[in-house]
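These are the residues of each chain, in order.
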Amino acid sequence: VSPVLAERREGLERLVELRAGAHSPLVAYLLTTRIAEPDISLRAQVIKALFDILCFEAGEAEPDEGVCACLASGLAEMRTRRIFALLQVVDFEPSMTGPVAALLMACSFAGNQLSSILMDRQLPLTIRKQAVSFVAEIGYMDAAPALERLGARLEPKRTPGRGSTEPLPGSEDETTLLPLVYD
């Protein structure tokens, strides 16, 4: 939690080397609080560390029971700010889709939060696309009404007479969300 980025990086590297997150509920809690880390590359490393604890590989020691409970609690409490931070990581580093999906699946409120993100016209379109993709991938039923509203609002804006949900080539407006909404 140091204000110095290099110290935060070094601290995380050391915790990961020791696999401290799998053995200490305090470290697991600390990692969940860093999901909104200001430095996006370090945030990606935090998310990877959390993913490694949640989805440990065969042959590795299973995380302690207290760690699992702490992670479940910490991830279940994610709201818009942290979920937005997760989407930013995928936008920054697409290979983080799997780890981010695993963390989102641990949060029962994520469907509501993703819905509010995808409906917010003030947010970057790339982040809104990530929200739609995760809603579709994970299958949040509570997000279905938001997807229907978004589709109904965008449908009249698509190119008339084209008979498709594809926007004009080169256009980067909200209608580029339509194919994702209908998938």
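The rules behind each value
- Residues numbered from 1 in each chain as written.
- Predicted model: local features only at pLDDT ≥ 70, side-chain atom pairs only at ≥ 80, totals over all residues.
- Heavy atoms only, no water.
- Helix = DSSP H or I, 4+ residues; strand = E, 2+ residues; numbered from the N terminus.
- Polar contact = N/O pair within 3.5 Å; in protein donor to acceptor, adjacent residues only side chain to side chain.
- Contact = heavy atoms within 4.5 Å.
- Core = buried A, V, L, I, M, F, W, Y, C linked by side-chain atoms within 4.5 Å.
- Buried < 20%, exposed > 50% of the residue type's maximum accessible area, 1.4 Å probe, protein only.
- Salt bridge = Lys/Arg side-chain N within 4 Å of Asp/Glu carboxyl O.
- Axes fitted to C-alpha atoms, helices over the stretch in contact; angles between N-to-C directions.
- Parallel < 35°, antiparallel > 145°, perpendicular 65-115°, else oblique.
- Left-handed = near helix turned anticlockwise from the far one by under 90°.
- Nonpolar A, V, L, I, M, F, W, Y, C, P; charged D, E, K, R; others polar.

Novice: I tried to follow the side chain of Thr32 on my own but got confused; where do I start?
Specialist: Summarising the element assignment, Thr32 is placed in helix H2 (residues 25–33). Engagement of the side chain of Thr32 in a polar contact is seen with the backbone oxygen of Tyr29, the distance being 2.7 Å. When sequence neighbours within four positions are dropped, the list of residues in contact with Thr32 reads Leu50, Leu71, Gly74, Leu75 and Arg82.

Novice: Which parts of the structure should I look at to understand the nonpolar core?
Specialist: Within soluble globular proteins, side chains that are nonpolar tend to cluster in buried spots. The biggest cluster of nonpolar side chains holds 38 residues, and the ones touching the most others in it are Leu31, Leu86, Val100, Leu104, Leu114 and Phe134. Among the secondary structure elements, those contributing two or more residues to this core are H2, helix H3 (40–54), helix H4 (65–76), helix H5 (80–92), helix H6 (97–105), helix H7 (110–119) and helix H8 (125–138). Here this core takes seven residues from H3, the largest share from any one element.

Novice: It is not clear to me how the pattern of salt bridges should be interpreted in this structure. Could you clarify?
Specialist: When charged atoms on two side chains of opposite charge get close, those side chains can pair. Per the stated rule, a full pass over the model turns up five salt bridges. Here Arg9 ties to Asp39 by a salt bridge, and the two come within 2.8 Å at their closest N and O atoms. Separated by 30 residues along the polypeptide, Arg9 in helix H1 (residues 5–18) and Asp39 in the loop between H2 and H3 bring together distant segments of the chain. Exposure remark for Arg9: the relative accessible area of 23% places this residue in the partly exposed category. Residues Arg34 and Glu37 are paired through a salt bridge, measuring 2.6 Å at the closest nitrogen-oxygen approach. A single network of salt bridges, built from pairs that share partners, joins Arg8, Arg34 and Glu37.

Novice: What's the story with the packing of H3 against H4 in this structure? I'm lost.
Specialist: Each pair of packed helices can be summarised by the angle the axes make with each other and by the distance between the axes. Where H3 contacts H4, the axes come no closer than 11 Å and their chain directions differ by 130 degrees. Classified by the interaxial angle, the pair formed by H3 and H4 is oblique. Where H3 crosses over H4, the two elements pack in a sense that is left-handed. Of the residues in H4, those in contact with Leu50, Ile53 and Leu54 of H3 are Val67, Leu71 and Leu75. Broken down by class, the residue content of the contact of H3 with H4 amounts to six nonpolar, no polar and no charged.

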